[in-house]
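# Remarks on the overall topology
For reference, the chains in residue letters:
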Amino acid sequence: MTTVAPAVGVIGAGAVGQAVGAALVCAGLCDRLLIASRSTDQAAALADDLNDMRAAAGSRVRAHVVSVPELRSCPAVVVAARARFTNTRDRDIRMGGLHANTPALRALAEEFRSYPGTLLVVTNPVDLMTRLIAETSGCARVFGLGSSLDTARYRLTLARLLDVPVAAVRGHVIGEHGEAAVVCASSTTVNGAPVHVPLGRVRAELAERPGRISAGIGRTRYGPAGALVSALRLALGVEDGVTELSAPYEGVCLGIPLQFTGGRPLPCVPPLNEAEARQLEAARSKLRAAYQAVRGIPSPPLPSGRKS
Ligand SMILES: NC(=O)c1ccc[n+]([C@@H]2O[C@H](COP(=O)([O-])OP(=O)(O)OC[C@H]3O[C@@H](n4cnc5c(N)ncnc54)[C@H](O)[C@@H]3O)[C@@H](O)[C@H]2O)c1
C-alpha cells in the first residue's frame, strides 16, 4: 500500500463517517485517520473498531479521536456531520436537512478559516452546504460530494439497461444532488459511440435507488464512501482524472465535472443540448433561491452571548 497523506480527517461518526473510515483503512490512503464527532463516545468506539480492522486486515492506517480544531493539520477533511432532526419530507428529501444542518455547518466552517487543505462536504443538502462552508471558511478548496455518486449510479443503471459492461459507459450527471440533477445524455457514449439513453427509466432509477437503500439498511453509506475515496485520490494528487463534484459555478455551487491534474481542479462541463442546458439553468436558479434561506437561518448565540 502507498501512503499518500499523513492524515485524513472525518467529521461525524455516523453511517457515512463509519463507511468512509472503513474505506480509508482498506484503501490505505493515509497514515492516520482523525475522527471528530459531536459524541466522543461514538467517535472513540468507531476508532476502536477501525483499529481492530487495521490489525485484522494488515492496514497501516491508525484511527484516533480528536477535536475539530485538531483537524486543521490534515491535508483533507471529510465533513459528514448531520444535526439531529426528523426528515418528514417525501419530496426533495435532501432539502429536509437545511434548517437543522445550517447552524452546525456554519459553526464547523468557522473552525476552518484560512485552512489551506481540502474540505470534502457530504452533509445534505450538499450543494448548499458546500457553498456555506466555502463562503464562511474562505477556504479555496471546498468540494461537495453528490454528483459523482449520481454519475456512478447512472453508469451502473445504463450498463444494466443496455446490457454492456459499466466500464464501457462514459457520461455525467451534473447540477443539483437532488431533484434538479441533470443527466448529460447527449454526451454519453458506450464504447466511445453516442447512444440512445432511455431517460425515463434512468431518471426513475436515480430517484428511487437512494430511498430503496435507506429503506433496506437505514442509510446510504457505502456508495458515498466509495465516491469519497475516489475524490480524495484526485484531490490529494494521488492520481489524475475527472470526477463530478459540487464546486462554484456561475454564482452557486453545483455538481460539475472537474479534471484534477496533480490535485488541481479544472471545470470541464460537457457540451449540453438545449434541454440539458435548460435543466442546468433550472438547477442553478433553484440553488440560488434556496441559498437565500440558508443566509436567513440564524446561528445560535455563543455561550458568552457573542455572535459567531
Ligand atoms: N452527498 C451525498 O451523496 C450523501 C450521501 C449519503 C448521506 N449524505 C449526508 O451525509 C450526512 C451524514 O449522514 P449519516 O447517515 O452519516 O448521518 P448520521 O446521523 O448517521 O451521523 C451523523 C454524525 O454527525 C455527528 N454530528 C452531528 N453534529 C455534529 C457537529 N456539530 N460536529 C461534529 N459531529 C456532529 C453525529 O454525532 C453523528 O456521528 C447527512 O446530511 C446525509 O444526508 C450525503
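Nothing here was measured: the structure is a model prediction, and the numbers come from that model.

Cut-offs used in this document
Residues numbered from 1 in each chain as written. Predicted model: local features only at pLDDT ≥ 70, side-chain atom pairs only at ≥ 80, totals over all residues. Heavy atoms only, no water. UniProt positions renumbered as here; feature names shortened; annotations may be inferred. Helix = DSSP H or I, 4+ residues; strand = E, 2+ residues; numbered from the N terminus. Domains from an automatic or database assignment. Contact = heavy atoms within 4.5 Å. Buried area = accessible area lost by both parts, 1.4 Å probe. Salt bridge = Lys/Arg side-chain N within 4 Å of Asp/Glu carboxyl O. Near = heavy atom within 4 Å. Polar contact = N/O pair within 3.5 Å; in protein donor to acceptor, adjacent residues only side chain to side chain. Nonpolar A, V, L, I, M, F, W, Y, C, P; charged D, E, K, R; others polar. Buried < 20%, exposed > 50% of the residue type's maximum accessible area, 1.4 Å probe, protein only. Pairing = 2+ DSSP bridges. Right-handed = clockwise from strand over helix to strand, strands pointing away.

## Considerations on the UniProt feature "domain: Lactate/malate dehydrogenase N-terminal" (unreviewed entry) in the chain
Feature annotation in UniProt assigns "domain: Lactate/malate dehydrogenase N-terminal" (unreviewed entry) to the following positions: residues 8-139. In residues 8-139, helix accounts for 42% and strand for 17%; the two terminal C-alpha atoms are 17 Å from one another.

## Here's the deal with the domain arrangement of the chain
Split by domain assignment, the chain resolves into domain 1 (5-145) and domain 2 (147-294). With 38 residues of domain 1 at the contact, the number on the domain 2 side is 43 residues. Buried area between domain 1 and domain 2, both sides added, is near 3,300 Å², and the carbon and sulfur share of it is 68%. Summed over the shared surface of domain 1 and domain 2, the number is two salt bridges.

## Observations concerning the site of the ligand
Surrounding the ligand, one finds 24 residues, the nearest of these being Val16, Gln42, Val122, Leu145 and Arg219. Between a nitrogen atom of the ligand and a main-chain N or O atom of Val122, the distance comes to 3.1 Å. In this structure, Asn124 approaches the ligand through a side-chain N or O atom, which is 3.0 Å from an oxygen atom. Split by residue class, the shell around the ligand holds 10 nonpolar, 11 polar and three charged. Each of two domains, domain 1 (5-145) and domain 2 (147-294), supplies a minimum of three residues to the shell around the ligand.

## What to know about the pairing of strand β5 (residues 118-121)
The two faces of a sheet get side chains in turn, since along a regular strand they alternate between them. Side chains Thr118 and Leu120 of β5 all project onto a buried face; the interleaved residues Leu119 and Val121 project onto the opposite face, where all are buried too. Relative to β5, strand β4 (residues 76-79) runs parallel, the two being bridged by four bridges. Residue Ala76 lies in a different strand from β5, and its bridge partner there is Thr118. You can see the chain leave β4, run along helix α3 (residues 98-110) and come back into β5, and the turn it takes is right-handed. One ladder, built from three bridges, connects β5 with strand β6 (residues 142-145); its direction is parallel. Its bridge partner being in β6, Val121 is matched across the sheet by Gly144.

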